[in-house]
Amino acid sequence: MFRKIQRKLTIQYAFFFLLFVLLLLATLYISISTIMQQQQVQELQLFFGKERYHIEKDDEPQREHNKDDKIIDGRKIEYDANRANFYYVFTKNNELVHGDESFYGLYKDVAHLMLDVKAGDPQTVEWKDEDLLLIKYQLPISHNGNYMIIGQSVTKMHHLLERVMYAFIILIVIGTLCIAFLSHYLAGKAMVPIKKTFERQRKFVSDASHELRTPLSVFYSSLEVLENDDENRFSAFGQEVLIDLKKETQHMEALLEGLLFLARFDQNKLTTTKENIALSELVNNITKAFERTLPDSIQLKIQIDNNIHFVGDETSIRELLYILLENAAKFTEKGFISVSLTSMNNYIKLIVEDTGIGITQHDLPHVFDRFYQVTKNRQKKGTGLGLSIAQAIVSHHQGHISVESEFGQGTKFIISLPILKKD
Ligand code: ATP
Ligand code: MG
């Protein structure tokens, strides 16, 4: 149980840490990339301011020509790979007027790349292996609708951001692993006092049940002595009180036995044997004996496969069957109770089904809880420990118990037990 809580806490801590770090790093990443992009846009705007002065004056900036100048279609493109920023001037029909190029041949595609982009909007586009930041500017009316595209490469910045992102991912993975280990350790530490208190409580229940058993049996025997004492006969009312007292004492004895069993189970102190049980025979005998106690309105159906053997504690398995059969009889007025025992591969399946009052979906998840009794059925005698004990027995044999029920239709308890080897 504590392991489960520890695991749950670890997962929760790790999840919240992951969420927090993810949010933090995502915000950081977005801020860094926005700031970097804004800086590049600003750089381009400055560049535009400078180039525009020349272009508006005489339609072509003053520049030094070098050997890389290319003459294309009678228009001039100056190519220089080391240039940080580049520009192109196009006519309104997207024909190149002139430009400074840092990526050879970009002038052929750049107008097309920026075709539907609004003037003034920075746009990042992919061209060959490059990421480019481009801005389109409309030139004054005196330039016959000519426009200008300026830009610079942001490939390096993108690579840098990519590396930052990988570093963040590694940081998140390492951080989450560290926090998972740390929270596992801390959750374990935090649970030590809870564990101790819990153990103390378990021990108290076990000791108290144990101590109460002896006086209770003395009390019961004394009541029997009183009942059989011919010299001091009780009145009819006295007899009635005596019978009620005996019933209550029996109920308390059953309660103490149940509590003691569960306390031993909790402390892993169940003293059970591992014996080879002829299960088919055992279930058959118990069920047949049980049939005799049933009223005529309830029919018993038995379907038991032959020769099923099981290694376990016979007394506990008997107890398990009694608990389920008693419940079926207690909560069924008419119809049938069916018991089936089958074996498949390495499992034995025991099913006890009835056509009784059934259990609502609201109560169903709680029927295995200690002292849980469906409120409406409280008038039926019982301690509310039967199914908790049944569950403990099944779990002690490494099996699994489940319940299916339809309110007003009936209930079905399904038990699967692994066929264990006797060691
Ligand atoms: P006892 O400890 O004496 O068996 P109990 O029968 O009330 O008391 P459980 O056997 O643990 O306690 O069952 C818990 C509750 O589950 C019951 O009170 C009852 O409301 C419901 N229940 C169990 N079996 C059935 C069944 N076959 N049909 C309908 N309700 C059931
Ligand atoms: Mg019961």
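Everything below is about the structure printed above this text.
Residues numbered from 1 in each chain as written. Chains lettered and ligands numbered in written order. Predicted model: local features only at pLDDT ≥ 70, side-chain atom pairs only at ≥ 80, totals over all residues. Heavy atoms only, no water.

Enquirer: Can you help me understand the overall build of the protein chain in this one?
Expert: Scanning the protein chain for helices and strands turns up 7 helices and 14 strands. In terms of overall dimensions, the protein chain is more spread out than a globule: its C-alpha atoms have a radius of gyration of 43 Å, far above the 22 Å expected for 423 residues. A principal-axis box enclosing the C-alpha atoms of the protein chain has dimensions of 140 × 50 × 45 Å. Residues counted as buried form 39% of the 423 residues belonging to the protein chain. For the protein chain, the share of sequence-separated contacts (at least 6 apart) that also reach a separation of at least 24 residues comes to 62%. Charged side chains in the protein chain number 48 positive and 54 negative. The centres of these two groups are separated by 3 Å. (Helix = DSSP H or I, 4+ residues; strand = E, 2+ residues; numbered from the N terminus. Rg over C-alpha atoms; globule rule 2.2 N^0.38 Å. Buried < 20%, exposed > 50% of the residue type's maximum accessible area, 1.4 Å probe, protein only. Contact = heavy atoms within 4.5 Å. Lys, Arg positive; Asp, Glu negative; His and termini not counted. Charge placed at Lys NZ, Arg CZ, Asp CG, Glu CD.)

Enquirer: Would you mind going over the sheet that holds strand E9 (residues 298-304) with me for this structure?
Expert: Sheets are built from strands paired through backbone hydrogen bonds, the pairs being either parallel or antiparallel. Ordered in space as E9-E11-E12-E14-E13, the 5 strands form an open sheet in which the pairing is mixed. Whereas interior strands pair on both sides, the edge strands pair on one side only; in this sheet they are E9 and strand E13 (400-406). The sheet shows a mean angle of 10° between the axes of neighbouring strands, taken without regard to direction. Taken strand by strand, helix H6 (residues 314-330) contacts E9, strand E11 (335-344), strand E12 (347-354) and strand E14 (410-418), and its axis lies near 25° from that of E12. Lying on the sheet, helix H7 (residues 386-396) is in contact with E13 and E14; it crosses E13 at an angle near 140°. (Pairing = 2+ DSSP bridges. Axes fitted to C-alpha atoms, helices over the stretch in contact; angles between N-to-C directions.)

Enquirer: Would you take a moment to explain the packing of helix H5 (residues 279-291) against H6 for this structure?
Expert: The description of two helices packed together rests on the angle between their axes and the distance between the axes. Two elements in contact, H5 and H6, have axes whose closest approach is 11 Å; the angle formed by their N-to-C orientations is 35°. Of the two possible hands of crossing, H5 and H6 adopt the one that is right-handed. The residues of H6 that touch H5, namely those facing Leu279, Leu282, Val283, Ile286, Thr287 and Phe290, are Glu314, Ile317, Arg318, Leu321, Tyr322, Leu325, Glu326 and Ala329. (Left-handed = near helix turned anticlockwise from the far one by under 90°.)

Enquirer: Just to check I follow, could you spell out the layout of surface pockets for this structure?
Expert: Over the atoms a probe the size of a water molecule is rolled, and this reveals where empty space is left. Here the largest pocket defines a volume of roughly 820 Å³. As for the largest pocket, its lining consists of 34 residues, and the residues nearest its centre are Asn327, Lys330, Gly382, Gly384 and Gly386. Those elements that provide at least two residues to the lining of the largest pocket are helix H4 (236-266), H6, H7 and E14. With 8 residues, the top contributor of residues to the lining of the largest pocket is H6. In terms of residue class, the lining of the largest pocket is built from 15 nonpolar, 12 polar and 7 charged. Computed from the structure, the second largest pocket encloses a volume of approximately 670 Å³. In this structure, the second largest pocket is lined by 18 residues; those nearest its centre are Met1, Phe198, Arg202, Asp266 and Arg370. Only helix H1 (2-58), helix H3 (155-228) and H4 provide two or more residues apiece to the lining of the second largest pocket. Here the lining of the second largest pocket takes 5 residues from H4, the largest share from any one element. (1 Å grid on protein atoms, 1.4 Å probe; cavity = no way out; pocket = protein on both sides within 12 Å on 5 of 7 lines; lining within 4 Å. Points joined across faces, edges and corners; volume = space filled by probe spheres on them. Nonpolar A, V, L, I, M, F, W, Y, C, P; charged D, E, K, R; others polar.)

Enquirer: Help me understand the site of ligand 1, please; the structure alone is not making it clear to me.
Expert: Taken together, 20 residues sit near ligand 1, with Asn327, Gln373, Thr383, Gly386 and Leu387 positioned nearest. For ligand 1, an oxygen atom lies 2.8 Å from a polar atom in the backbone of Leu387. Here a nitrogen atom of ligand 1 and a side-chain polar atom of Thr411 are 3.3 Å apart. For ligand 1, whose accessible area on its own is 590 Å², the fraction buried by protein is 93%. Comparing atom positions with the cavity grids shows ligand 1 to sit within the largest pocket. Elements that contribute at least two residues to the shell around ligand 1 include exactly H6, H7 and E14. Here the shell around ligand 1 takes 3 residues from H6, the largest share from any one element. (Near = heavy atom within 4 Å. Polar contact = N/O pair within 3.5 Å; in protein donor to acceptor, adjacent residues only side chain to side chain. Areas by Shrake-Rupley, 256 points an atom, 1.4 Å probe, with all protein chains shown as cover. Sits in = over half its atoms within 2 Å of the grid points.)

Enquirer: Quick question: what am I supposed to make of the pattern of salt bridges here?
Expert: If the charged atoms of two oppositely charged side chains come close together, the side chains can form a pair. Evaluation of the coordinates by the stated rule reveals 10 salt bridges. For Asp266, the salt bridge goes to Arg202, with nearest N and O atoms at 3.8 Å. Highlighted residues: Asp266 in helix H4 and Arg202 in helix H3, separated in sequence by 64 residues. The same class applies to Asp266 and to Arg202, which are both buried. For Arg213, the salt bridge identified is with Glu257, shortest N-O distance 2.9 Å. (Salt bridge = Lys/Arg side-chain N within 4 Å of Asp/Glu carboxyl O.)

Enquirer: What am I meant to see in a nonpolar patch on the surface here?
Expert: Taken together, the side chains of Met165, Tyr166, Ile169, Val173, Leu177 and Phe181 make up a nonpolar region of the molecular surface, amounting to roughly 630 Å² of accessible area. Relative to the assigned elements, Val173 resides in helix H3. For Val173, a relative accessible area of 46% gives the class partly exposed. (Patch = residues over 30% accessible without salt bridge, like charges linked within 9 Å, V, L, I, M, F, W, Y side chains within 5 Å.)

Enquirer: Is there a simple way to explain the environment of Tyr13 in this structure?
Expert: Tracing the sequence through the fold places Tyr13 in helix H1. The sequence separation of Tyr13 and Ser183 amounts to 170 residues, and the corresponding C-alpha distance is 6.4 Å.

Enquirer: Looking at this structure, I do not really get the nonpolar core. What am I missing?
Expert: The nonpolar side chains of soluble globular proteins are, as a tendency, buried together. Leu279, Val283, Leu325, Ile337, Leu341 and Ile415 are the most contacted members of the largest nonpolar core, which has 46 residues in total. Not counting residues within four places of it along the chain, the set of residues in contact with Ile415 comprises Leu320, Leu324, Ile348, Lys349, Leu350, Val394, His400 and Ile401. Counting residues in hydrophobic clusters, the runner-up holds 18 residues, among them Ile77, Phe90, Leu106 and Ala111. (Core = buried A, V, L, I, M, F, W, Y, C linked by side-chain atoms within 4.5 Å.)

Enquirer: How should empty space enclosed by the protein be read in this particular structure?
Expert: All told, the structure shown has 1 cavity of 30 Å³ or more when counted by the stated rule. Its boundaries defined by the atoms lining it, the largest cavity holds a volume of some 50 Å³. If you trace the largest cavity, you find it lined by Leu279, Val283, Ile317, Leu320, Leu321, Leu350 and Leu417. For the lining of the largest cavity, the residue count by class is 7 nonpolar, no polar and no charged.

Enquirer: Quick question: what am I supposed to make of the packing of aromatic side chains here?
Expert: When we look at a pair of aromatic rings, we describe it by the centre distance and by the angle of the planes. For the structure shown, the criterion picks out 8 aromatic pairs. Both rings, one in Tyr88 and one in Phe90, keep their centres 6.2 Å apart while their planes meet at 35°; by these two values the pair is tilted. Look at Phe90 and you get buried, because its relative accessible area is 1%. A network of ring pairs unites the aromatic residues Phe86, Tyr88, Phe90, Phe103 and Tyr147 as a single cluster. For the cation-ring pair, Lys136 lies above Tyr147, with the distance from its terminal atom to the ring centre recorded as 5.1 Å. In this structure, Lys301 packs its charged tip against the face of Phe336, placed 3.8 Å from the ring centre. (Phe/Tyr/Trp six-rings, centres within 6.5 Å; stacked < 30°, edge-to-face > 60°. Lys NZ or Arg CZ within 6 Å of the ring centre and 35° of its normal.)

Any functional reading would require information beyond the geometric quantities listed.
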